Amino acid sequence: MRGTMIITTTDTIPGATIEQTLGFVSGNNVKARNAAVDMLAGLKTIVGGEIASYTKLMNDTRQVAIDRMVQEAQAMGANAIVGVRLASSEVMQGCCELCAYGTAVVIS
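Computed from a predicted model, the values in this text were never measured in an experiment. (Residues numbered from 1 in each chain as written. Predicted model: local features only at pLDDT ≥ 70, side-chain atom pairs only at ≥ 80, totals over all residues. Heavy atoms only, no water.)

We now examine the overall build of the chain. Tallying secondary structure elements over the chain gives 2 helices and 4 strands in all. Its helices and strands taken in sequence order, the chain reads β-β-α-α-β-β from the N to the C terminus. Looking at the chain residue by residue over its 108 residues, the buried ones come to 31%. Approximately 6,700 Å² of the chain is accessible, and the part contributed by carbon and sulfur atoms is 55%. (Helix = DSSP H or I, 4+ residues; strand = E, 2+ residues; numbered from the N terminus. Buried < 20%, exposed > 50% of the residue type's maximum accessible area, 1.4 Å probe, protein only. Areas by Shrake-Rupley, 256 points an atom, 1.4 Å probe, with all protein chains shown as cover.)

As structure tokens, then:
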């Protein structure tokens, strides 16, 4: 199981043995909404449906947070991250933070 970083929300990985627990790792990203997009999104709330620009914003934000968490784990020598969780919050009006966190481990 070498090479790719394994990321899982579970505390164990079937078929793998956790050889060493390296510690807590996290990555976060804060993104601001675009005022023009906000106006269009406001119109969308009248008719309903998905606001695709916000979905993309959150997907991009999540991926950056996960990438940063993985970089931190790799720097520690990990080849897996277990117990991964995601949390989001509004840090100020129009700005969303997404945090990815878990435990960096070495598996075999």
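Past the structure itself, the notes keep going.
Okay, the pattern of salt bridges next. Tallied over the entire structure, the rule returns 1 salt bridge. A salt bridge links D60 to K56; the shortest N-O distance between them is 2.7 Å. Taken together, the residues D60 and K56, both in helix α2 (residues 52-76) and 4 residues apart, mark about one turn of the helix. The exposure class of D60 is partly exposed, given its relative accessible area of 30%. A relative accessible area of 52% places K56 in the exposed class. (Salt bridge = Lys/Arg side-chain N within 4 Å of Asp/Glu carboxyl O.)

Another point: the environment of G77. Within the secondary structure layout, G77 lies in the loop between α2 and β3 (80-92). Along the chain, G77 and A104 lie 27 residues apart, while their C-alpha atoms are 8.5 Å from each other. With residues up to four places along the chain from it excluded, the contact list for G77 reads L22 and V106. (Contact = heavy atoms within 4.5 Å.)

Core analysis: the biggest nonpolar cluster contains 13 residues, and V25, M69, A73 and I81 have the highest contact counts within it. Secondary-structure elements contributing two or more residues to this core are α2, β3 and β4 (95-107). In terms of residue count, α2 provides more of this core than any other element does, 5 residues in total. Look past the residues within four positions of I81 in its chain and what remains in contact with it is M5, I6, I7, T8, V25, M69, V70, A73, G102 and T103. Within the second largest apolar cluster, 6 residues are counted, among which are I13, A16, V82 and I107. (Core = buried A, V, L, I, M, F, W, Y, C linked by side-chain atoms within 4.5 Å.)

On to α2, then. With 25 residues, α2 extends 36 Å between its outermost C-alpha atoms, agreeing within 8% with the 36 Å of an ideal straight helix rising 1.5 Å per residue. Of all the positions in α2, only L57, T61, A65, I66, M69, V70 and A73 are classed as buried. On its buried face, α2 is in contact with β1 (6-7), β2 (18-32), β3 and β4. Just downstream of α2, G77 is the residue with a positive phi angle, here 95 degrees. (Expected span 1.5 Å × (residues − 1).)

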